[in-house]
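Structural overview for review
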Amino acid sequence: MKTELSLFGSYLDYVRSIRYKGNIVFCPICEGRFKSFLPFGVKKRSNAMCPRCRSLERHRLLWLYLRNRTNFFTDDIKVLEIAPQYYIQRKFRSMPNLDYVSVDLYSRIAMINMDVTDTQFEDDSFDCIFCYHVLEHILDDKMAMKEILRVLKPGGWAILHVPILAENR
Ligand SMILES: [Zn+2]
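Scope of this entry: the structure provided in the associated data block. (Residues numbered from 1 in each chain as written. Predicted model: local features only at pLDDT ≥ 70, side-chain atom pairs only at ≥ 80, totals over all residues. Heavy atoms only, no water.)

1. Some words on the sheet that holds strand β9 (residues 152–161)
Put simply, the rule reads: DSSP-based pairing: two strands are paired if at least 2 bridges between them are found. Where helices and strands are cited, they refer to DSSP runs of H or I of at least four residues and of E of at least two residues respectively, numbered from the N terminus. Any pair of residues with heavy atoms lying within 4.5 Å of one another is described as a contacting pair. Helix axes are fitted to C-alpha atoms over the stretch in contact, other axes to C-alpha atoms as well, and angles between N-to-C directions run from 0 to 180 degrees.
The strand order across the open sheet formed by five strands is β7-β6-β5-β8-β9, and the pairing between neighbours is parallel. Edge positions in the open sheet fall to β7 (112–113) and β9, since each of these has one partner strand only. Pairing geometry for strand β5 (residues 77–82) and strand β6 (residues 98–104), over six bridges, is parallel. The residue of β6 that forms the bridge with Val79 is Tyr100. Along the sheet, helix α4 (residues 141–151) contacts β5, β8 (126–132) and β9; its crossing angle with β9, the most-contacted strand, is approximately 145°.

Below you can see the structure in the form of structure tokens.
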């Protein structure tokens, strides 16, 4: 069932990317060029989601940051992603320099289902940890951050991204 859903999702992404084919915007993750990104969000933002890989602005920013400012694409590193996004996980898993694992409490696309406030990983396990738009959903977010610090190797780095709601827009 999981594979069927993934294949169906991939087919829809393919069809959508053909429909939006163009040369106005560029997605650095899937390297697609489109006439626009798609609107996305509860309060729809225009030009937000990539028609092919479904990345949002924050994912594309992360990708550019990783590529231009870190050792993520060059060094052999062990990576933990909490609450993975489908297409980005697929890209990370295809990178030979990464020893990658993803976790989530419930998600069917995560490699392991576990509670981020009580992971089963050894101390100092990861060089890099991503926790993207997750902490705001965890009741004991301080415990989750302690756990992330516990499994992060000394000298490792983590990106903990949470939404900030600006009232005066
Ligand atoms: Zn894309």
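Following the structure, the description resumes.
2. Details of α4
Keep this limit in mind: Burial classes follow relative accessibility: with a 1.4 Å probe on protein chains only, a residue under 20% of its type's maximum area counts as buried, one over 50% as exposed, and anything between as partly exposed. What the arc describes is the spread of directions from the helix axis to the C-beta atoms.
Listed in full, the buried residues belonging to α4 are Ala144, Glu147, Ile148 and Val151. Burial along α4 is one-sided: seen end-on, the buried residues are contained in an arc of 100°. For α4, the exposed residues lying more than 90 degrees away from the buried face are Lys142, Lys146 and Leu149. Those residues of α4 that are buried are in contact with β5, β8 and β9.

3. A short note on the nonpolar core
This is how the line gets drawn: Remark: nonpolar core denotes a set of buried residues (Ala, Val, Leu, Ile, Met, Phe, Trp, Tyr, Cys) joined through side-chain atoms within 4.5 Å. What counts as a domain boundary in this text is fixed by an automatic or database domain assignment.
Formed by 29 residues in total, the largest nonpolar core has its most connected members in Cys27, Phe34, Phe72, Val79, Phe92, Leu98 and Phe130. If you list the elements that add at least two residues to this core, you get α2 (57–69), β5, α3 (86–94), β6 and β8. Top contributing element to this core by residue count: α3, with four residues. Lining this core are residues from two domains, each supplying at least three of them: domain 1 (20–69) and domain 2 (71–161). Residues contacting Phe92, with those up to four places away along its chain left out, are Trp63, Leu66, Phe72, Glu81, Leu98, Tyr100 and Phe130.

These figures capture arrangement, not role.
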